[in-house]
Every structure is written in C-alpha cells, then in structure tokens.
Amino acid sequence: LNHEQLKRNAAELSGGQQQRVAIARALVMKPKILCLDEPLSNLDAKLRHQLRLELKELQLKFGITTVYVTHDQEEALTLSNRIAVFQNGHLEQVGTPDEVYFNPQTEFVSTFLGAISQIPSELFGVSGETKCFIRLNNVYFDPGEAVDSVALDVEIRSISFFGLYYTVTYQTDDGFQLSNAVINCNHKVGDRLTLYIDRSRVIFLGGDANAPEA
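Residues numbered from 1 in each chain as written. Predicted model: local features only at pLDDT ≥ 70, side-chain atom pairs only at ≥ 80, totals over all residues. Heavy atoms only, no water.

Secondary structure summary: the chain contains six helices and twelve strands in total. Burial status across the chain gives 36% buried among its 214 residues. Per element, the accessible surface of the chain, about 13100 Å² overall, is 50% carbon and sulfur. (Helix = DSSP H or I, 4+ residues; strand = E, 2+ residues; numbered from the N terminus. Buried < 20%, exposed > 50% of the residue type's maximum accessible area, 1.4 Å probe, protein only. Areas by Shrake-Rupley, 256 points an atom, 1.4 Å probe, with all protein chains shown as cover.)

Right, dumping it as structure tokens:
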C-alpha cells in the first residue's frame with residue numbers, strides 16, 4: 001500500500017488491497033495456524049495469480065501451517081504441500097499435489113483436479129464396470145511419443161485457442177469425447193484422424209481397476 005492508500009479505511013480499498021489487509025491483520029496475531037476460506041474468489045484472474053505468489057512467499061517466510069479452502073484447481077495444486085479433496089462433506093483423498101493429480105483414487109478426484117477425458121474401457125481389455133481416464137498431455141498424434149500406444153480413430157468436434165496452446169476435442173464412433181492440448185494445430189473441425197494414448201498413463205477406476213498386463 002502507498003502513502004495515499006494508508007489514509008483510507010479498509011472498506012475504501014480495492015478487493016486485492018482488502019485481502020492483503022485482512023491477511024496482515026491475521027499475521028500480526030502470530031497464529032500457529034492460518035485459516036483462509038477462498039480468499040481470492042472475488043478477484044480477477046491476473047490479481048488472483050499475483051496474490052497466489054504473495055501468499056506462497058508469506059507462507060514460506062513465516063512458516064505458518066496454513067489451511068486453505070478453495071474450489072479453484074490451480075490454487076489447490078500450486079499453493080499446497082498436501083491436498084484434501086472433499087465431496088459433499090466426504091473426504092475423497094488426501095495426498096501431495098502430485099499424488100492426487102496423477103494417482104486419483106476416485107472418479108470425483110480424477111475429474112475435479114485437472115483436465116481429463118474418459119475413454120472406452122474395451123480398448124484396454126478391462127470390464128465395462130472399470131472406467132478409464134487420460135490426462136490431456138498423454139494423448140498424442142504420433143505413436144512414437146507413447147511408451148505403449150493404443151490407437152483411437154476420432155473426428156475433431158471443436159478447437160479452442162488459449163494463447164499458449166490449443167485444446168482440441170474429438171469424438172469416437174462410439175460417442176466418447178476426449179481432448180488434448182497442442183502448441184500448434186494444423187487440423188480443422190470435421191477432420192478425421194488417429195490419436196494415440198499412452199497405456200501406461202491411463203487411470204483405471206472402479207470394477208477391475210488394475211491396469212491389464214501389456
């Protein structure tokens with residue numbers, strides 16, 4: 001806050017400044033645990049990113065155990081040492097960000113954290129009760145990029161530009177939709193092509209949830 005802003009009442013400050021004041025008031029009390037309930041939810045995207053960095057620095061500087069409640073996936077993954085995922089008051093999974101993201105234990109966790117697509121279970125020789133999911137970064141145009149590739153014939157349904165990358169959504173003949181993220185997109189909606197999925201990266205949940213032998 002600059003000199004002019006220090007003269008104002010907290011209610012006259014911007015949203016981001018008010019959040020900084022609230023956190024400063026809490027830190028003055030030297031708490032053993034700092035509890036934050038969606039502190040950035042009403043801020044615009046750029047300011048949320050800036051304050052996330054500041055919160056991370058403050059947590060490291062003061063070494064205070066911080067309980068941070070959020071519905072924002074990016075906040076949860078970037079700010080946490082451990083994540084607890086709840087659904088309707090039920091604890092679904094606890095683990096490090098890497099563990100929860102790459103090894104979700106339930107369907108809710110797999111679809112809540114990060115972009116993911118469901119894919120046909122019959123491609124992997126598991127029962128229909130088993131649901132198979134794949135992260136966007138493990139779907140390829142080139143079979144050589146997958147450790148153990150599974151081919152999937154698809155049609156492009158939509159292409160969305162996000163600045164640094166495109167997200168392309170495809171549909172199989174069976175009606176399944178999946179997406180991947182690519183830096184350059186040389187295709188158009190309606191194109192048919194073959195995608196390759198890295199079998200070793202597939203997430204198997206429910207039913208016979210063990211990955212089949214290669």
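On to the environment of Asn 180. Secondary-structure assignment places Asn 180 in strand E10 (residues 177-182). Here Asn 180 falls in the buried class, since its relative accessible area comes to 1%. The sequence separation of Asn 180 and Leu 195 amounts to 15 residues, and the corresponding C-alpha distance is 9.7 Å. Residues within four places of Asn 180 in sequence aside, it is in contact with Leu 136, Val 139, Phe 141, Tyr 166, Thr 167, Val 168 and Tyr 170. A polar contact is formed between the side chain of Asn 180 and the backbone oxygen of Val 139, at a distance of 3.4 Å. For Asn 180, the side chain forms a polar contact with the side chain of Tyr 170, separated by 2.7 Å. (Contact = heavy atoms within 4.5 Å. Polar contact = N/O pair within 3.5 Å; in protein donor to acceptor, adjacent residues only side chain to side chain.)

In this section: the pairing of strand E1 (residues 33-37). On E1, burial follows the alternation: Leu 34 and Leu 36 on one face are buried, whereas Ile 33, Cys 35 and Asp 37 on the facing-out side are not. Where E1 lies against strand E2 (residues 65-69), five bridges are found, and the strand directions are parallel. Opposite Leu 34, over in E2, you have Thr 66 as the bridge partner. Crossover E1 to E2 through helix H3 (residues 45-62) is right-handed. (Pairing = 2+ DSSP bridges. Right-handed = clockwise from strand over helix to strand, strands pointing away.)

The sheet built from three strands is open, its strands ordered E5-E6-E12 with antiparallel pairing. Strands with a single pairing partner mark the edges of an open sheet, and in this sheet they are strand E5 (116-119) and strand E12 (203-205). With direction set aside, neighbouring strand axes in the sheet form an average angle of 30°. Of the strand pairs in this sheet, strand E6 (residues 131-135) and E12 are connected by three bridges, and their pairing is antiparallel. Following the sheet pairing, Lys 131 is matched in E12 by Leu 205. (Axes fitted to C-alpha atoms, helices over the stretch in contact; angles between N-to-C directions.)

Now for the packing of aromatic side chains. Scanning the entire structure with this criterion turns up five aromatic pairs. With 5.5 Å between their ring centres and 10° between their planes, Phe 108 and Phe 112 make a pair best called stacked. Separated by four residues within a single helix, Phe 108 and Phe 112 lie in helix H6 (residues 107-112), roughly one turn from each other. The exposure class of Phe 112 is partly exposed, given its relative accessible area of 24%. When the centroid spacing of 5.4 Å and the interplanar angle of 10° are considered together, the rings of Phe 162 and Tyr 165 count as stacked. On the basis of relative accessible area, Tyr 165 is assigned to the partly exposed category, the value being 34%. Against the face of Tyr 101 rests Arg 135, its NZ or CZ located 4.0 Å from the ring centre. (Phe/Tyr/Trp six-rings, centres within 6.5 Å; stacked < 30°, edge-to-face > 60°. Lys NZ or Arg CZ within 6 Å of the ring centre and 35° of its normal.)

The values are spatial; any link to function lies outside them.
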